Amino acid sequence: GKYERQPVQTRQKSYIPNNKYMTNMKQLLCLLTSLSVFFACSTPNSKDSVKTYKATTDITGKLSGEVIFAGQGIHNYYDVAITNDYYAFMDYYSDTLLQIRSKKDLSLHGIGEREKDTFIIAYPSFTKYDYINKNNKNKVSVWDNDSRKLKRMDLDQTSPALSAELESMSDYGLEDACTNCCITSKELYAVQFNPHKPQVFFSSNKTNGQYAVPGYPQITVPIPATVLQKGYASDLTLNEEKGVIVAALRFIDCVNFYDMNCDMTASVSFADYYTIPVPDISNKYLDAEQSKKCFIDICSSEQYVFCLFDGSTNFTGNSVIYVFDWEGKQQAVLQADRNLRKIATEKSGEYLLALSPNGQGGRDVIKYSLKNKI
């Protein structure tokens, strides 16, 4: 069955304050400009409980990265996770699918071999959050769509893949492949590859079944429903202690904040009108190749949420990282020195680890210090 939840009110155009409000804000800004460059760009919507913010796209800081591991043409990492003592990577083509490297010297600490005739539907990926691991120094969780199993691994062991704790997701009623899995003590949150109706993400538990979070913002221009089925896809992270879920949309320049019951509390837009996905030549399906890529990844620390923005159709140009607090208020706009595909951080948020394509056909591991950047 579905949860008894009501979708929030939606609008196509980004919220803009009325003229009287803007006059007051301009007067106030004369006094407060030196205190915050973001204050004038945010205002709550008084018509409902959802706070609607207008973010600035002006760059507040530049990131210069250090290549700590050169992928060359050998390693093509597509996912990364950070624990107390290790960096863990997933590799597209290597026989060693999972590679664990020491933080101290990047030496290979452990591997997980690719299983024969598996990973056909989608490549395994690290969960964005797993409540079981939150107090463990060196455990990671891997979601495998082919087996519909969650593998919890202790990286302190020499062969973590061989000693993985398995948990079947069949009790959650998962029928489709999904990604961006976040698992709390009560709920599973994830993004479906092939949703049956437009949704930002879904939640599921063992009691009430699945609930599809309604698409936001509402797209009012003519666009096929089959395009919208995937058009609202997002990248997820959450903070169980603060009770916040964050969804950064891949094909729409929008970042949404929700409570743990999937009710939206805040939404961030970046222009007067939203970028939207485009149909393919048949006008039936989303053309992912020709659609602008907006937020392609997300990660979080105890204080901040980091949203990786691409802004192109073919992953060209230097990436931008938008930084928010857990209430949805903008904190920084950081320009990276290259194109990035994936980002991760620790609880402290002192640095970002990123994956970046190189000229040899692999992906380098880049480390960015965030000191004095936020």
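Please read these numbers as outputs of a predicted model, since none were measured by experiment. Per chain, residues are indexed from 1 in the order of the written sequence. In view of the model being predicted, local features appear only for residues whose pLDDT reaches at least 70, and side-chain atom pairs are presented and counted only at 80 or more, with totals across whole chains, interfaces and linings using the full set of residues. Heavy atoms throughout the structure, all of them, feed into the side-chain values; hydrogens and water do not.

## What to know about the overall build of the protein chain
Move 1: For helices the rule is a DSSP run of H or I covering at least 4 residues; for strands it is a run of E covering at least 2, with both sets numbered from the N terminus onward. Scanning the protein chain for helices and strands turns up two helices and 27 strands.
Move 2: To sort residues, take the accessible area from a 1.4 Å probe on protein chains only and compare it with the maximum for the residue type: under 20% means buried, over 50% means exposed, and anything in between is partly exposed. Looking at the protein chain as a whole, 52% of its 374 residues are labelled buried.
Move 3: In this analysis, two residues are considered to be in contact whenever any of their non-hydrogen atoms come within 4.5 Å of each other. Taking the contacts inside the protein chain whose residues are at least 6 apart along the sequence as the reference set, 50% of them involve residues at least 24 apart.
Move 4: Accessible surface area values rest on a Shrake-Rupley calculation with a 1.4 Å probe, where residue burial reflects the displayed protein chains alone. On the protein chain, roughly 17600 Å² of surface is accessible, and the fraction owed to carbon and sulfur atoms is 48%.

## Examining the pairing of strand S23 (residues 320-325)
Consecutive side chains of a regular strand alternate in pointing toward one face of the sheet and then the other.
Move 1: In terms of burial, S23 is a largely internal element, six of the six residues being buried.
Move 2: Any two strands with at least two DSSP-identified bridges between them are counted as paired. Linkage of S23 to strand S24 (residues 330-335), two consecutive antiparallel strands, is achieved through a turn of four residues, within which glycine 328 is found at a positive phi near 100 degrees.

## What to know about the nonpolar core
Move 1: Put simply, buried Ala, Val, Leu, Ile, Met, Phe, Trp, Tyr and Cys residues joined by side-chain atoms within 4.5 Å make one nonpolar core. Judged by nonpolar contacts, the single largest core of 29 residues is most densely connected at Tyr189, Val200, Phe201, Leu236 and Tyr258.
Move 2: For this core, the secondary-structure elements that each account for two or more residues are strand S14 (188-192), helix H2 (225-231), strand S17 (234-239), strand S18 (244-249) and strand S19 (254-258).
Move 3: Counting residues in each nonpolar core, the second largest holds 21 residues, with Val305, Cys307, Tyr322 and Phe324 among its members.

## Examining the side chain of aspartate 130
Move 1: Take aspartate 130: it is sitting in strand S9 (residues 129-130).
Move 2: Here aspartate 130 falls in the buried class, since its relative accessible area comes to 5%.
Move 3: For this analysis, a polar contact is any N or O atom pair within 3.5 Å, provided that within protein one partner can donate a hydrogen and the other can accept it, and provided that sequence-adjacent residues contribute only side-chain to side-chain pairs. Separated by 2.7 Å, the side chains of aspartate 130 and arginine 152 make a polar contact.
Move 4: Aspartate 130 has contacts with Ser141, Leu150, Arg152 and Ile183, leaving out every residue within four places of it along the chain.

## Some remarks on the pattern of salt bridges
Move 1: A carboxyl oxygen of Asp or Glu within 4 Å of a side-chain nitrogen of Lys or Arg is what we treat as a salt bridge. The final tally for this structure, using the stated rule, is 11 salt bridges.
Move 2: Residues arginine 152 and aspartate 130 are paired through a salt bridge, measuring 2.7 Å at the closest nitrogen-oxygen approach. Linking arginine 152 in strand S11 (residues 149-154) with aspartate 130 in strand S9, this pair joins segments that are 22 residues apart in sequence. For the pair arginine 152 and aspartate 130, one class covers both residues: buried.
Move 3: Close ionic contact of lysine 329 with glutamate 327 constitutes a salt bridge, the shortest N to O distance being 3.7 Å.

## Thoughts on the pairing of strand S21 (residues 295-300)
Move 1: With six of six residues buried, S21 is to be regarded as a mostly interior element.
Move 2: In this antiparallel pair of consecutive strands, S21 and strand S22 (residues 304-309), the connection spans three residues.

## Digging into the side chain of threonine 83
Move 1: Secondary-structure assignment places threonine 83 in the loop between strand S4 (77-82) and strand S5 (86-91).
Move 2: At 2.8 Å, the side chain of threonine 83 forms a polar contact with the side chain of asparagine 138.
Move 3: Sequence-distant contacts of threonine 83, that is, excluding residues within four places in its chain, are made with Lys103, Lys137, Asn138, Lys139, Val140, Leu155 and Glu346.

## As for the sheet that holds strand S2 (residues 61-62)
Move 1: Sheet architecture is open: five strands sit in the order S2-S24-S23-S22-S21, paired in mixed fashion. The open sheet has two edge strands, S2 and S21, and neither has a second partner.
Move 2: In the sheet, S21 pairs with S22 via five bridges, with the strands oriented antiparallel. Bridge pairing in S22 links cysteine 299 to phenylalanine 306.

## Describing the packing of aromatic side chains
Move 1: The rule is short: rings of Phe, Tyr and Trp, with Trp giving its six-membered ring, pair when the centres are within 6.5 Å, and they are stacked under 30 degrees, edge-to-face over 60, tilted in between. Tallying each qualifying case throughout the model produces 16 aromatic pairs.
Move 2: An angle of 75 degrees between the planes, with centres 6.5 Å apart, marks the rings of tyrosine 304 and phenylalanine 306 as edge-to-face.
Move 3: Residue tyrosine 304 is classed as buried on the basis of its relative accessible area, which comes to 18%.
Move 4: Both a distance and an angle decide whether a charge sits over a ring: NZ of Lys or CZ of Arg must be within 6 Å of the ring centre and within 35 degrees of the ring normal. A cation sits over an aromatic face here: lysine 293 above phenylalanine 315, 5.5 Å from the ring centre.
Move 5: The side chain of lysine 367 reaches across the aromatic face of tyrosine 351, ending 4.4 Å from its centre.

## A look at the confidence of the model for the protein chain
Move 1: In predicted models, pLDDT denotes the confidence assigned by the predictor to each residue on a 0 to 100 scale. Looking at the protein chain, the pLDDT average stands at 84 and 83% of residues meet or exceed 70.
Move 2: In this model, residues 1-47 is a region of pLDDT below 50 whose contacts with residues beyond four sequence positions or in other chains number 81 contacts.

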